[in-house]
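Here's the letter readout for the chains.
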Amino acid sequence: MLFRSEHEKPRLIEVHELPGRGMRALALFDQVLTEILIGNETLMNEYSIPVPTSASTILSTWKREGDSVVLVGISRPHPPSSTPMLSGPSDPFRHLSAMFAVSDPIRPSAPGIIRALHEAGTSIWLLTGDNPITAHAIGLKLGILPQNIIAGVLPAEKADRIRDLQRSMPTSGRSSRRALVGMVGDGINDAPALAAADVGIAMGAGSDIAISAAEFVLVSSELKSLATLLHLSRVVFRRIKFNFAWALVYNMVALPVAAGAFYRSEEHTSELQSPVL
């Protein structure tokens with residue numbers, strides 16, 4: 001453990017959030033400025049925290065099981081009397097302190113909803129900031145095609161990925177227009193992507209900024225509401241087209257009648273009156 005009872009209580013100096021990577025903190029521990037890093041493997045590599053081979057094996061197992069990994073790295077300055085060593089597994093001043101496996105349980109209804117959307121002709125994509133191994137493990141459980149998984153996306157890049165999908169989506173049916181891209185999200189980091197998508201859909205239990213950036217809000221936060229929303233939108237759109245067609249036919253028939261095209265003139269009969277009367 002890093003902090004033991006015989007040591008004085010560490011004093012936290014500052015904490016910085018590193019979007020898409022984790023957190024970095026500076027604390028005084030035994031009067032020594034200590035850097036504490038909590039985040040993913042990218043953060044550890046960025047700050048030259050070595051990950052032993054045995055730890056990498058465990059991390060790979062967790063990833064294949066669909067878990068997100070969180071690592072804790074410690075970096076302390078070398079004493080002035082010592083010779084600085086290259087960062088490596090045996091460096092006592094820069095080392096991996098702890099590892100955690102974190103996972104969110106998949107909702108039981110999720111695979112069925114995704115399967116129903118597939119059958120309805122909707123292409124499902126997974127956009128995540130997690131590592132590719134974990135993302136593909138989750139996608140396998142959900143029934144999402146491997147080529148439809150985009151992993152390792154930073155929060156600031158999600159909107160760009162949505163725009164990339166909009167540019168690359170093929171045309172749908174007989175129309176020359178590209179397919180529409182919808183985004184479902186609930187976090188603060190999802191707000192730019194929700195705004196960039198053709199249709200932004202926020203979960204009712206999500207953050208306020210995500211809800212404000214979306215066009216639709218699923219109040220119940222149940223995934224089956226998403227299938228209901230898409231089905232309802234198709235029904236409403238078909239009804240709108242039917243109403244336009246019916247109005248066109250009605251006006252084509254009724255307009256000549258209203259104009260008096262079927263009324264004979266007074267020179268043929270004096271009994272018929274003008275349609276205006």
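Our structure's up above, just so we're on the same page.
Being a predicted model, the structure only gives us computed values, none of them experimental. (Residues numbered from 1 in each chain as written. Predicted model: local features only at pLDDT ≥ 70, side-chain atom pairs only at ≥ 80, totals over all residues. Heavy atoms only, no water.)

Asker: Explain the overall build of the protein chain here, please?
Answerer: The number of helices and strands found in the protein chain is 8 helices and 10 strands. For the protein chain, the residues scored as buried account for 30% of the 277 residues in total. Look at the contacts in the protein chain between residues 6 or more apart in sequence, and 43% of them connect residues 24 or more apart. Counting every atom, the protein chain has about 18,100 Å² of accessible surface; 60% of that belongs to carbon and sulfur. (Helix = DSSP H or I, 4+ residues; strand = E, 2+ residues; numbered from the N terminus. Buried < 20%, exposed > 50% of the residue type's maximum accessible area, 1.4 Å probe, protein only. Contact = heavy atoms within 4.5 Å. Areas by Shrake-Rupley, 256 points an atom, 1.4 Å probe, with all protein chains shown as cover.)

Asker: Quick question: what am I supposed to make of the packing of aromatic side chains here?
Answerer: We describe a pair of aromatic rings using the distance from one ring centre to the other and the angle between the two ring planes. Considering all chains together, one arrives at 1 aromatic pair under this definition. Plain terms: the ring middles of Trp246 and Tyr250 are 6.4 Å apart, the flat faces sit at 40° to each other, and that makes the pair tilted. Of this pair, Trp246 and Tyr250 both sit in helix 8 (residues 224-258), 4 residues apart, which is roughly one turn of the helix. (Phe/Tyr/Trp six-rings, centres within 6.5 Å; stacked < 30°, edge-to-face > 60°.)

Asker: Sorry, what's going on with the sheet that holds strand 9 (residues 199-203) here?
Answerer: In a beta sheet, neighbouring strands pair by backbone hydrogen bonds and run either parallel or antiparallel. The parallel open sheet is built from 3 strands, whose spatial order is 8-9-10. Looking at strand neighbours, the two that pair on one side only are strand 8 (182-185) and strand 10 (216-218), the edges of this open sheet. Strand-to-strand twist across the sheet, computed as the mean angle between neighbouring axes with direction ignored, equals 20°. Bridge count between strand 8 and strand 9: 4 bridges; the pairing is parallel. From the neighbouring strand, Gly182 faces strand 9, where its bridge partner is Val199. (Pairing = 2+ DSSP bridges. Axes fitted to C-alpha atoms, helices over the stretch in contact; angles between N-to-C directions.)

Asker: I would appreciate a short explanation of the side chain of Glu35 in the present structure.
Answerer: Within the element layout of this structure, Glu35 appears in strand 3 (residues 32-39). Side chain to side chain, Glu35 and Arg24 meet in a polar contact 2.5 Å long. Those residues in contact with Glu35 that sit more than four places away from it in its chain are Arg24, Ala25, Leu26, Tyr47, Gly73, Ile74 and Ser75. (Polar contact = N/O pair within 3.5 Å; in protein donor to acceptor, adjacent residues only side chain to side chain.)

Asker: Would you explain the environment of Val199 in this entry?
Answerer: Tracing the chain through its elements places Val199 in strand 9. Given a relative accessible area of 27%, Val199 falls into the partly exposed group. Along the primary structure Val199 and Val181 are separated by 18 residues, whereas in three dimensions their C-alpha atoms are 6.6 Å apart. Setting aside residues no more than four positions away along its own chain, Val199 makes contact with Val181, Gly182, Met183, Glu215 and Phe216.

Asker: In this structure, what is going on with the sheet that holds strand 1 (residues 11-18)? I would like to understand it.
Answerer: Strand order in the open sheet formed by 5 strands is 1-2-3-4-5, and the pairing between neighbours is antiparallel. For this open sheet the edge positions go to strand 1 and strand 5 (94-102), each flanked by a neighbour on one side alone. Ignoring which end each strand starts from, the neighbouring axes of this sheet average 15° apart. The pairing of strand 2 (residues 22-29) with strand 3 spans 8 bridges and is classified as antiparallel. Each bridged residue has a counterpart across the sheet, and for Leu26 the counterpart in strand 3 is Glu35. Across the sheet, helix 2 (residues 53-64) touches strand 4 (68-75) and strand 5, and the angle it forms with strand 5 is around 20°.

Asker: I'm lost on a nonpolar patch on the surface in this one. Help?
Answerer: On the surface, Leu232, Val236, Phe237, Ile240 and Phe244 cluster together to form a nonpolar patch covering roughly 530 Å² of accessible area. Following the sequence through the fold, Leu232 ends up in helix 8. (Patch = residues over 30% accessible without salt bridge, like charges linked within 9 Å, V, L, I, M, F, W, Y side chains within 5 Å. Salt bridge = Lys/Arg side-chain N within 4 Å of Asp/Glu carboxyl O.)

None of the figures reported here should be taken as evidence of function without further support.
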